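One letter stands for each residue in the lines below.
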Amino acid sequence: MTVRAVVYTEAGVDTYAATDLDRARDADGTTWVRAWDASPDELDRVASTFGIHHLSVEDVQRDVRPKTEEFSSHTFVLVKTASLRRGETTFREELRTQQVGVFVGRDWLVTMSTVGVDAVEGVWQAVQRGDARVLRLGPDFAAYRVVDRVVDEYFVVLDEIEDLIEEIEEGVLAGPSEEMLVALNDVRRDLLSVRKVLWPTREAAAVLARGDPDYVQPSTEKYYRDVYDHLVQLVDLTETYRDLARGARDIYLNSLSQSTNEVMKTLTVVATILLPLTFVVGVYGMNFSGGPYNMPELGWRFGYPAVLLGMASVTVILVAYFRRQRWL
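What you see is a predicted model; the values in this text were computed from it and never measured. (Residues numbered from 1 in each chain as written. Predicted model: local features only at pLDDT ≥ 70, side-chain atom pairs only at ≥ 80, totals over all residues. Heavy atoms only, no water.)

1. Things to note about the overall build of the chain
Working step 1: In terms of helices and strands, the chain carries 9 helices and 7 strands.
Working step 2: Here the chain has a C-alpha radius of gyration of 36 Å; the compact-globule value for 328 residues is 20 Å, and the former is much larger.
Working step 3: For the chain, the spread of C-alpha atoms along the principal axes amounts to about 125 × 35 × 30 Å.
Working step 4: Within the chain, the fraction of its 328 residues that count as buried is 41%.
Working step 5: Long-range pairs, those at least 24 residues apart, make up 64% of the contacts in the chain between residues at least 6 apart in sequence.
Working step 6: For the chain, the computed accessible surface area is about 18,100 Å², with 53% contributed by carbon and sulfur atoms. (Helix = DSSP H or I, 4+ residues; strand = E, 2+ residues; numbered from the N terminus. Rg over C-alpha atoms; globule rule 2.2 N^0.38 Å. Buried < 20%, exposed > 50% of the residue type's maximum accessible area, 1.4 Å probe, protein only. Contact = heavy atoms within 4.5 Å. Areas by Shrake-Rupley, 256 points an atom, 1.4 Å probe, with all protein chains shown as cover.)

2. Quick notes on a negative patch on the surface
Working step 1: Taken together, Asp 159, Glu 160, Asp 163, Glu 166, Glu 167 and Glu 170 make up a surface patch of like negative charges.
Working step 2: Note that Glu 167 resides in helix 6 (residues 139–174).
Working step 3: Residue class for Glu 167 comes out exposed when judged on its relative accessible area of 53%. (Patch = residues over 30% accessible without salt bridge, like charges linked within 9 Å, V, L, I, M, F, W, Y side chains within 5 Å. Salt bridge = Lys/Arg side-chain N within 4 Å of Asp/Glu carboxyl O. Lys, Arg positive; Asp, Glu negative; His and termini not counted. Charge placed at Lys NZ, Arg CZ, Asp CG, Glu CD.)

3. Examining the packing of aromatic side chains
Working step 1: Summed over all chains, the structure comprises 7 aromatic pairs.
Working step 2: Ring plane angle 45° and centroid distance 4.8 Å describe the contact between Phe 50 and Trp 108, whose orientation is recorded as tilted. Of this pair, Phe 50 sits in helix 2 (residues 40–50) while Trp 108 sits in strand 7 (residues 108–113), placing them 58 residues apart in sequence.
Working step 3: Since its relative accessible area comes to 5%, Phe 50 is described here as buried.
Working step 4: A residue is classified by how much of its surface remains accessible, and Trp 108, at 8% relative accessible area, is buried.
Working step 5: Ring geometry for Tyr 144 against Tyr 223: centres 5.1 Å apart, planes inclined by 35°, an arrangement best described as tilted. Of the two residues, Tyr 144 is situated in helix 6 and Tyr 223 in helix 8 (residues 218–284); the sequence distance between them amounts to 79 residues. (Phe/Tyr/Trp six-rings, centres within 6.5 Å; stacked < 30°, edge-to-face > 60°.)

4. Section: a nonpolar patch on the surface
Working step 1: A cluster of nonpolar side chains, namely Val 263, Met 264 and Leu 267, defines an oily patch on the protein surface of about 290 Å² accessible area.
Working step 2: Assignment of secondary structure puts Leu 267 in helix 8.
Working step 3: In this structure Leu 267 comes out as exposed when scored by relative accessible area, which is 52%.

5. Some details on helix 4 (residues 118–129)
Working step 1: A rise of 1.5 Å per residue sets the reference length of helix 4, with its 12 residues, at 16 Å; its end C-alpha atoms lie 16 Å apart and thus fit the reference within 8%.
Working step 2: Of all the positions in helix 4, only Ala 119, Val 120, Gly 122, Val 123, Trp 124, Ala 126 and Val 127 are classed as buried.
Working step 3: At the exit of helix 4 stands Gly 130, carrying a positive phi of roughly 85°. (Expected span 1.5 Å × (residues − 1).)

6. As for the environment of Leu 198
Working step 1: Within the fold, Leu 198 resides in helix 7 (residues 178–210).
Working step 2: Classification of Leu 198 as buried rests on a relative accessible area of 1%.
Working step 3: With 47 residues separating them in the primary sequence, Leu 198 and Val 151 have C-alpha atoms 8.9 Å apart.
Working step 4: The contacts of Leu 198, once residues within four sequence positions are left out, are Tyr 154, Leu 231, Leu 234, Val 235 and Thr 238.

Next comes the structure, spelled out in structure tokens:
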């Protein structure tokens, strides 16, 4: 359970205890309160101090789509981190997301998450180190840094998915297998999950890039437009990878169909060769003899060898014909 607070200006950074939120809010400079894995009482205290609606706090704790909402005292931005991790109950990698709530006021910033988030930690460390741009440009710029780091993680996820697709394509071309089909379905499911995250995040970034919120300064809008451009690129990449996955699935199905056709062709050729032989032995299996219309060769000394030779000749002729037609 952790709540931390800092107040920073170009002159430096001051740290405040979680029990001194009111004093941190009223201090000169930009106040940043970071809460993760906090208790309900701690979250209520943070929300009460900065006038954050309790429904916004609940959105951070639940699995809701990314969005941007405007309130009278602040702007609420909800984004999701994303990473490919091995599932808790499966051996395959699946997309894992984590809610991050960013509340931007006139001179304050509040970030909330249920666990520690690397994107928030990176910007927090930049403030602690005294990054001049972050200290100078205010809470909306620090919020941009957090959102930008979250979006950068999406590129890492898509790079990993691209590598998986390349491995699957190589495996499919080598020969269809059930493992390839399972891996292909997993990748398509991950891409669908990424798409569900990217589309609403792009909409949320578009609101910030247009400068609609009162608490995003005109000088910061260009940074959010850059984030929006990255999200447009990510959406395009996702659609491209979905097409590649769909193409890999088509290749798999075509390879499987071709393999099946080869088996059927072989079985058909074997059945075609055996058909005349079956007819011959069926005719001679009737064993009619002793009459003028029956089989006189049954009493012939070379009748049996002649039939075997004839059957072998039919087989050789059919095999030669199938090879000439390139069916074998």
